[in-house]
Amino acid sequence: MSKELQIGVQGMTCAACVNRVERGLQKVEGVELAQVNLATERASVVYDPEKTSPAALVERVREAGYTPVVAEVAFGVTGMTCAACAARVERALKKLDGVLEASVNLATERATVKFLPASTGLAQLKRAVREAGYGVLELEAGQGRADAEREARQREIAALGRAFAIAACFSLPLLLLAMLPMLWMPAHMFLRSLFPEPVWNGVMLALATPVQFGPGLRFYRHGWAALRARSPDMNSLVMIGTSAAYLYSLGVVLFPSLFPPQARHVYFEASAVVITLVLLGKYLEAIAKGRTSEAMKKLLSLQAKTARVVEGGLEREIPVDEVLPGDLVVVRPGERIPVDGVVVSGQSYVDESMITGEPTPVRKTEGARVVGGTLNQTGAFTFRATAVGADTVLARIVKLVEAAQGSKPPIQNLADRVVAVFTPIVLGIALLTAGAWLLFGGENALTFALVNTVAVLIIACPCAMGLATPVSLMVGSGKAALMGILFRRGQALQALQEARVVAFDKTGTLTKGRPELTDLRVAEGLDEAGVLRLVASLEQQSEHPVAQAIVRAAKQRGLELAEPTGFEALPGFGVGGWVEGHRVEVGAERYMARLGLEPGPLAPLARRLAEAGKTSLYAAVDGRLAAVLAVADPLKEEAPEAIALLHRQGFRVAMITGDDARTAQAIARQLGIDEVRAEVLPEGKAGAVRRLQEEGHKVAFVGDGINDAPALAQADVGLAIGTGTDVAIETADVILISGDLRGVPNAIALSRATLRNIRLNLFWAFAYNVVLIPVAAGALYPFTGWLLSPVLAGAAMGLSSLFVLSNALRLRGFRPPFARVELPVGRPALGV
């Protein structure tokens, strides 16, 4: 059957645009009709859903050169208990017209949906969730999502705690009444002397019923809704299993004559204790899930509640939500900086460790940027607010971490595929178990069939499978944020540990990105300071980075520069002019040759400087060769160590740069880089990454996130070397906020630890079911006489989820392996 889809289209300006979009859409196979309205900026498409999809239609609009209007929303979902629940909500959302992508995370209890607002909206998304049998977390006026989720989790923990306490009050005496006579014959004889067995069965019925239809009612409510939707989940399994035990026992109590004498046993303790143990498991699970968001709580706690704003010369304390861009804010010692801004007066040292991961306080003076959430230490200062609310660095970090926690790495696909068929398979195994025991169970066939079928249903809950990946991802990405590493997508965690080549951009990544004067040697008999003053005075007129490096060096030495006259620049050669009556010329060796000047004794030094990767220049004063200078973009202090650490981790390291081959090779020798791709234009960096990939390598590219966007996007995983104020680099998968290159091996180490954790979780979740389902079905009985009690099955099911959660929480103790290594001071000596 055909469907109709509405797509908002931006960028159309005339009828030709309309025709172009219509023609593009009509070329898509399965499109029956496409009409575009310029006034409403909307395309109406009738299509066959078996031949094409909304995502393909959106992509065709984009290919036509226009922007489809796509929205993304995240909201809390309540009532999910296992992986089948998350899958069911996901399917319900994907069925809606206009939904392009839907991802539901069991650990964060949140749905993230990308949709076409012209076709559907938030109200329809929430309705679909409710119709699937689950709730939506609604925010009250003025309430933040984090606060609402925390309150909802606290309510859930409290409700589960109450339900468990009530169930335990009835189940404990029931368990003693049922099991003690079986384990200790004097107890059996004493009870039989007081009342006959039918009376005790009635007492157990009275104890079991409040559990079954009190705390156990939640399993009926959710389980029955799932069965009606033909999507059975954990609640369905518990409901069927405990109901079978309860109803069988009820039949024995009310109609004993209908059962053979050897089958007149009651299993009220099985139904009640299983419900109690499952509730205990869910209660402990809810507490543990709350602990997985500890990193997010720490980040959110950094936000100051109030700000001291200067108005009319007076200070006034206001809620941080009321601060506006441009406001002057005063910060005193020991206070948290409320919003982002630029210092206008005063100075201090600020602890930015919770934002950048760097423990050393940073000095802030006039003109320095400050980040909201960081801690002022010694001094007081005033700054002008530049970003507030959702635009602050801290808010963007929280948003990126939430996005990463809500995404799915490729390894999750395996669990999703298994969960999609797991519960129906379990129901099939339960039916086979019942049938086999009824056929081959002998005189106790009915009893064996009941006990083993219930055990299969209870032990096969897919909770552990659903939690295996998202909880590890949640804890790992949160821990990364506290280290100053932001994974924008969960996929990046997996891709990073799969990479085998790490390629670096040079300028601004391996180097500081600002050339410096490194060497100055004057001819015999000349004054070094005097020559530098003349050269820097002339270079003031040039905007070349090399010229600016010379000027900065002169000013740092306290030299007063003069105004040059008659300045001229000769492209490819150098510059010349007059400074205080002296003719000054600065440039390459070919410029000196053009002036008829021989390098003489300075030539060997100039060659050594060039071989060391520096840019060497000559200076002439009044027609005489006066000096040789060298300018270089110095390496970051931690660069040699970071490269060495990557080699220790087993990576091949490459460098992609626009520098000439000789300079690039010199830097590569200093750092121990394995491969160099030099003289690459900015637009050619993506091609260089692609060629590395064509050699069969998975490539991680590290750039500064500004001019390396194509290469970052081309790489299997892109890492942007950012700063505390540049965290939302859209093309990178991983952002290293502090800019410290050792963050690269640290990010890789955390990626590996997280994936190991996920694999262990998945192994446990699968192995638990593969091993224990046959045991629950009675596979060992012919050989050992062992049967698995439904009570033990319930305990094992709860323990499997707790194991997965506690294993994931181990990542909270991850220590960055390269965080406190002493850095070398300065650059390695080059012997010149």
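Residues numbered from 1 in each chain as written. Predicted model: local features only at pLDDT ≥ 70, side-chain atom pairs only at ≥ 80, totals over all residues. Heavy atoms only, no water.

Trainee: Could you clarify how one ought to interpret the pairing of strand β5 (residues 71-78) in this entry?
Mentor: Remark: a regular strand shows side chains that alternate across the two faces of the sheet. Pairing of β5 with strand β7 (residues 110-115) involves six bridges; the strand directions are antiparallel. Looking at β7, one finds that Ala 71 is bridged to Phe 115. Bridge count for β5 against strand β8 (residues 135-136) is two bridges, and the pairing is antiparallel. Of the residues in β8, the one forming a bridge with Thr 78 is Gly 135. (Pairing = 2+ DSSP bridges. Helix = DSSP H or I, 4+ residues; strand = E, 2+ residues; numbered from the N terminus.)

Trainee: Please explain the UniProt feature "transmembrane region" (unreviewed entry) in the protein as it appears in this structure.
Mentor: The positions UniProt marks with the feature "transmembrane region" (unreviewed entry) are residues 163-187, 199-217, 237-259, 265-284, 418-440, 446-469, 762-781 and 787-805. Here residues 199-217 runs as 84% helix and 0% strand, with 26 Å between its end C-alpha atoms. Within residues 265-284, the helical portion is 85% and the strand portion 0%, while the C-alpha atoms at the span's ends are 32 Å from each other. (UniProt positions renumbered as here; feature names shortened; annotations may be inferred.)

Trainee: Hey, could you run me through the sheet that holds strand β14 (residues 362-364) in this one?
Mentor: Hydrogen bonding along the main chain pairs the strands of a sheet, whether they run parallel or antiparallel. Strand order in the open sheet made by the three strands is β14-β13-β16, with antiparallel pairing throughout. The outermost strands of the open sheet, each flanked by one partner alone, are β14 and β16 (375-376). Note: strand β13 (residues 348-351) against β14, three bridges, orientation antiparallel. Within β14, the position partnered with Tyr 349 by the bridge is Arg 363.

Trainee: Explanation requested: unusual backbone geometry in the structure shown.
Mentor: What you tend to see is this: most non-glycine residues have negative phi, and most peptide bonds are trans. Despite not being glycine, Glu 580 has its phi angle at roughly 50°, a positive value. Within the secondary structure layout, Glu 580 lies in the loop between β22 (574-579) and β23 (582-587).

Trainee: Could you clarify how one ought to interpret the nonpolar core in this entry?
Mentor: Soluble globular proteins: nonpolar side chains tend toward being buried together. Of all hydrophobic cores here, the largest spans 83 residues; its most connected members are Phe 75, Met 80 and Leu 93. Met 80 has contacts with Cys 85, Ala 86, Val 89, Val 104, Asn 105, Leu 106, Glu 109 and Tyr 134, leaving out every residue within four places of it along the chain. In terms of nonpolar packing, the next biggest core, distinct from the first, is built from 50 residues, Ile 411, Ala 499, Leu 741 and Val 744 among them. (Core = buried A, V, L, I, M, F, W, Y, C linked by side-chain atoms within 4.5 Å. Buried < 20%, exposed > 50% of the residue type's maximum accessible area, 1.4 Å probe, protein only. Contact = heavy atoms within 4.5 Å.)

Trainee: Explain the pattern of salt bridges to me, please; I cannot follow it from the model alone.
Mentor: Opposite charge on two side chains lets them pair, provided their charged atoms get close. Using the criterion set out here, one finds 25 salt bridges in the structure. In this structure, Glu 311 and Arg 316 form a salt bridge, with 3.1 Å as the shortest nitrogen-oxygen distance. With relative accessibility at 39%, the residue Glu 311 sits in the partly exposed group. The partly exposed category is assigned to Arg 316, whose relative accessible area is 40%. For Glu 315, the salt bridge goes to Arg 332, with nearest N and O atoms at 3.0 Å. Taken together, the residues span a long stretch of sequence, with Glu 315 in strand β10 (residues 314-319) and Arg 332 in the loop between β11 (328-331) and β12 (340-346) at a distance of 17 residues. Judged by relative accessible area, which is 43%, Glu 315 ranks as partly exposed. (Salt bridge = Lys/Arg side-chain N within 4 Å of Asp/Glu carboxyl O.)

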